[in-house]
Amino acid sequence: MEPGEPGEAAWRGPGEGPLGGRALLELAVATGVTAWATWAVLLMPGFRRVPLRLQVPYHPSGPQQAANALALLRGRSGKTVDLGSGDGRLVLEAYKQGLRPAVGYELNPWLLCLSHYRAWKAGYHGKVSFLKKDLWKVNLSDCHNVIVFLAPSVKPPLATKLLAELSDEARVVAGRFPFPSWTPTSTLGQGLEQVWAYDMKEVRRAAQSSVEGSRV
């Protein structure tokens, strides 16, 4: 059978013969094992002690997403936290913008190491903080600015926590997905780059109006 005829695998590497069906199967299995190993070693450690419904997979924010989020915090001051800070990029950008102290909460030890490395490389070692803490157990009452790039499934329980702990002067900036029951004070960007800002005083006022309206 000549190469390229029906039934003959066409995949081959430089200087190699064609890959048969068994070789392709082995390649697919190896790729799957590699992906699983990456998840198990790099991403799973931060999830083991968190209930399944509250787990948030790591998905880094893009440059424009980060720029939009920080734009909605321009002109503000005070303690700024990123809940589920991943590789630390938003915390570093917040510090550069003068939002201090800038703190990231992250459970995954590998991402924490990456965050500390990025801070050191940027010359901010010791100036920003990355803490291995469960965002659900952290008291946020002293935070003025909260950045949230999390999955939609955790937004409802997180909204309850933020309402209970944040002051009226606090602002929450959400990326990728808005809080479903809150009306944003402002928004920026479109599609995947869109971010939403929520001033807690306005969120509470709307919630109170809704409760009073339901009683009528």
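Here the structure is shown first, and the text comes after it.
Residues numbered from 1 in each chain as written. Predicted model: local features only at pLDDT ≥ 70, side-chain atom pairs only at ≥ 80, totals over all residues. Heavy atoms only, no water.

Caption draft 1: Region of interest: the sheet that holds strand β3 (residues 129-131). Strand order in this open sheet of 7 strands is β3-β2-β1-β4-β5-β7-β6, and the pairing throughout is mixed. Of all the strands in the sheet, just β3 and β6 (186-188) have a single pairing partner and so form its edges. Strand after strand, the sheet turns through a mean of 20 degrees between neighbouring axes, direction not considered. Note: strand β5 (residues 171-175) against strand β7 (residues 195-199), 5 bridges, orientation antiparallel. Within the sheet, the bridge partner assigned to Gly-175 lies in β7 and is Val-195. Packing against the sheet, helix α2 (residues 63-71) makes contact with β5, β6 and β7, and its axis sits at approximately 20 degrees to β7. (Pairing = 2+ DSSP bridges. Helix = DSSP H or I, 4+ residues; strand = E, 2+ residues; numbered from the N terminus. Axes fitted to C-alpha atoms, helices over the stretch in contact; angles between N-to-C directions. Contact = heavy atoms within 4.5 Å.)

Caption draft 2: Representation of a nonpolar patch on the surface in the model. Together, Leu-114, Tyr-117 and Trp-120 line one region of the surface with nonpolar side chains, adding up to about 340 Å² of accessible area. Relative to the assigned elements, Leu-114 resides in helix α4 (residues 109-122). (Patch = residues over 30% accessible without salt bridge, like charges linked within 9 Å, V, L, I, M, F, W, Y side chains within 5 Å. Areas by Shrake-Rupley, 256 points an atom, 1.4 Å probe, with all protein chains shown as cover. Salt bridge = Lys/Arg side-chain N within 4 Å of Asp/Glu carboxyl O.)

Caption draft 3: Up close: the pairing of β5. Counted residue by residue, β5 has 5 buried out of 5 residues, so it is predominantly covered. Residues Arg-171, Val-173 and Gly-175 of β5 are buried on one face, and the alternating residues Val-172 and Ala-174, pointing to the opposite face, are buried as well. In the sheet, strand β4 (residues 145-148) pairs with β5 via 4 bridges, with the strands oriented parallel. Looking across to β5, one finds that Asn-145 is bridged to Arg-171. This β-α-β element, β4 to helix α5 (residues 155-165) to β5, shows right-handed connectivity. (Buried < 20%, exposed > 50% of the residue type's maximum accessible area, 1.4 Å probe, protein only. Right-handed = clockwise from strand over helix to strand, strands pointing away.)

Caption draft 4: Just unusual backbone geometry, in detail. Following Arg-100, the chain continues to Pro-101 via a peptide bond in cis, the omega torsion being 0 degrees. Along the chain, Pro-101 falls in the loop between α3 (89-96) and β2 (102-105). In this model, Arg-176 sits at a positive phi of 75 degrees, which is unusual for a non-glycine residue. Structurally, the position occupied by Arg-176 is in the loop between β5 and β6.

Caption draft 5: Broad picture of the environment of Leu-131. Residue position: Leu-131 is located in strand β3. Residues Leu-131 and Glu-106 lie 25 residues apart in sequence; the distance between their C-alpha atoms is 6.3 Å. Ignoring any residue separated from it by four or fewer positions in sequence, one finds Leu-131 in contact with Val-103, Gly-104, Tyr-105, Glu-106 and Leu-112.

Caption draft 6: Here's a closer look at the environment of Leu-114. Overall, the relative accessible area of 34% leaves Leu-114 in the partly exposed class. On a C-alpha basis, the gap between Leu-114 and Arg-89 in space is 9.9 Å, while along the polypeptide they are 25 residues apart.

Caption draft 7: Just the pattern of salt bridges, in detail. Within this structure, the stated rule accounts for 7 salt bridges. The partner of Asp-142 in a salt bridge is Lys-79, with the nearest N and O atoms 3.2 Å apart. Of the two residues, Asp-142 sits in the loop between β3 and β4 while Lys-79 sits in the loop between α2 and β1 (80-83), which places them 63 residues apart along the sequence. The partner of Lys-96 in a salt bridge is Glu-93, and the shortest N-O contact between them spans 3.2 Å. Separated by 3 residues within a single helix, Lys-96 and Glu-93 lie in helix α3, roughly one turn from each other.

Caption draft 8: Just the pairing of β7, in detail. In terms of residue burial, β7 counts as a mostly covered element, since 5 of its 5 residues are buried. Taking every second residue as pointing to the same face, both faces of β7 are buried, with Val-195, Ala-197 and Asp-199 on one and Trp-196 and Tyr-198 on the other. Relative to β7, β6 runs antiparallel, the two being bridged by 3 bridges. Bridging from a neighbouring strand, Leu-188 pairs with Val-195 of β7. What sits between the antiparallel neighbours β6 and β7 is a turn of 6 residues, in which Gly-189 has the positive phi angle 90 degrees.

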